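Read off the chains here:
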Amino acid sequence: MSDASEIPKKEEGALAPEPEEESDDCGEDEATEDMEFLRNLFSRNLGIGTPDKVLDELTLEGVAQYIKSGKCKNIVCMVGAGISTSAGIPDFRSPGTGLYANLQKYNLPYPEAIFQIDYFKKHPEPFFALARELYPGQFKPTVCHYFMKLLKDKGLLRRCYSQNIDTLERVAGLEGDDLIEAHGTFYTSHCVSFCCRKEYSLGWMKEKIFSDDVPRCEKCSSLVKPDIVFFGENLPLRFFTSVKSDFPRCDLLIIMGTSLQVQPFASLVSRVSKSCPRLLINMEKAGQANALFGILGFGGGMDFDSDKAYRDVAHISTCDDGCLALADLLGWKAELEDLVKQEHARIDSQDQSSESKGAPAKL
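These lines cover the structure that appears in this document, whether it is placed above or below. The model shown is predicted, which means the values in this text are computed figures rather than measured ones.

**Comments concerning helix H10 (residues 319–330)**
Now for step 1: In this model H10 runs 16 Å from its N-terminal to its C-terminal C-alpha over 12 residues, within 8% of the 16 Å that 1.5 Å per residue would give.
Now for step 2: Two residues or fewer past H10, Gly-331 is found with a positive phi of approximately 80°.

**Here's the deal with the side chain of Asn-282**
Now for step 1: Summarising the element assignment, Asn-282 is placed in strand S8 (residues 278–282).
Now for step 2: A residue is classified by how much of its surface remains accessible, and Asn-282, at 10% relative accessible area, is buried.
Now for step 3: There is a polar contact of 3.4 Å between the side chain of Asn-282 and the backbone oxygen of Thr-258.
Now for step 4: With near-sequence residues (within four places) excluded, Asn-282 lies in contact with Gly-257, Thr-258, His-315, Ile-316 and Ser-317.

**A short note on unusual backbone geometry**
Peptide bonds are trans in most cases, and residues, glycine excluded, mostly fall at negative phi.
Now for step 1: A cis amide bond links Gln-263 to the next residue, Pro-264, at an omega of 5°.
Now for step 2: Along the chain, Pro-264 falls in the loop between strand S7 (252–256) and S8.
Now for step 3: A positive phi angle, close to 70°, is found at Thr-167, a residue other than glycine.
Now for step 4: As for its position among the elements, Thr-167 is in the loop between strand S2 (157–162) and helix H6 (168–172).
Now for step 5: One non-glycine residue, Leu-260, lies in positive phi territory at about 55°.
Now for step 6: Here Leu-260 is to be found in the loop between S7 and S8.

How each quantity is defined
- Residues numbered from 1 in each chain as written.
- Predicted model: local features only at pLDDT ≥ 70, side-chain atom pairs only at ≥ 80, totals over all residues.
- Heavy atoms only, no water.
- Helix = DSSP H or I, 4+ residues; strand = E, 2+ residues; numbered from the N terminus.
- Expected span 1.5 Å × (residues − 1).
- Buried < 20%, exposed > 50% of the residue type's maximum accessible area, 1.4 Å probe, protein only.
- Polar contact = N/O pair within 3.5 Å; in protein donor to acceptor, adjacent residues only side chain to side chain.
- Contact = heavy atoms within 4.5 Å.

So this is what it looks like as structure tokens:
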């Protein structure tokens, strides 16, 4: 399924318990993070303490100057469906064009049912029909994907946290250690039977989907589901363990193409230190939590407009345009455009080679 869209899960009760730490170092990280969160909480909501202002100005130019200063070495990216729409993959919520607005043909009781684990186990056909339309390998990464690859190549990217399941981050060159696929991935699949859990490859699943077969386990005949996270399932364990190490060290958070409405992903914006700048590149402002959510630490509490704003920047544009503008300010624009051109040509060449041999195009 090439659904770069963020699977809209975790809004209701699918929050996995955070695992206990296994080393003293991890315990220290957690204690430091908890103390930083409390400092941030009191500073932000009770007016205690003076936050450090890192950016000279709350603009894209200010962010660029900060990156160029050499003080920014651990950038964390949080991305959602908006970074893949220019590749031709629909997001979920856009009126008229979003995925939810175009699911009538599947005769669902309600649009979200297609990603409900209980509904899937009884009626898997709609999901696999959708997967056939949006399967990984049919779309190319966008300018935004390659901007993150450029951050990696320059030694600035600590991690990318993605809500997407389209695997385009991987196609663009972000490898396993660079990437946290918060809502799972199509790269592997497993039998849904708790007693079996046999694993299947991307190639096996692709063959089943495109032969119109409902994938069933060769061992126990239960359904086989790609390892994407449905409503009613827990996020990957690695999501929680990585958050504890990455966000206290983050010195620039770049949020792109997400509405910041899905928990627990949305609350990650509040896990960075109180001095860490946060840049949102999106078609509209997001993450501005109400006072109650801010006190509880959910939703991020981003502040773009008040007199107290000191670190949050909203650049309202498409994700591709925002990344090109930032790359231009950094002196990377030509390098980014060349990278996109070269990689797209390489992908096209691979597809043509596969087709000439009579084989399906590879991811």
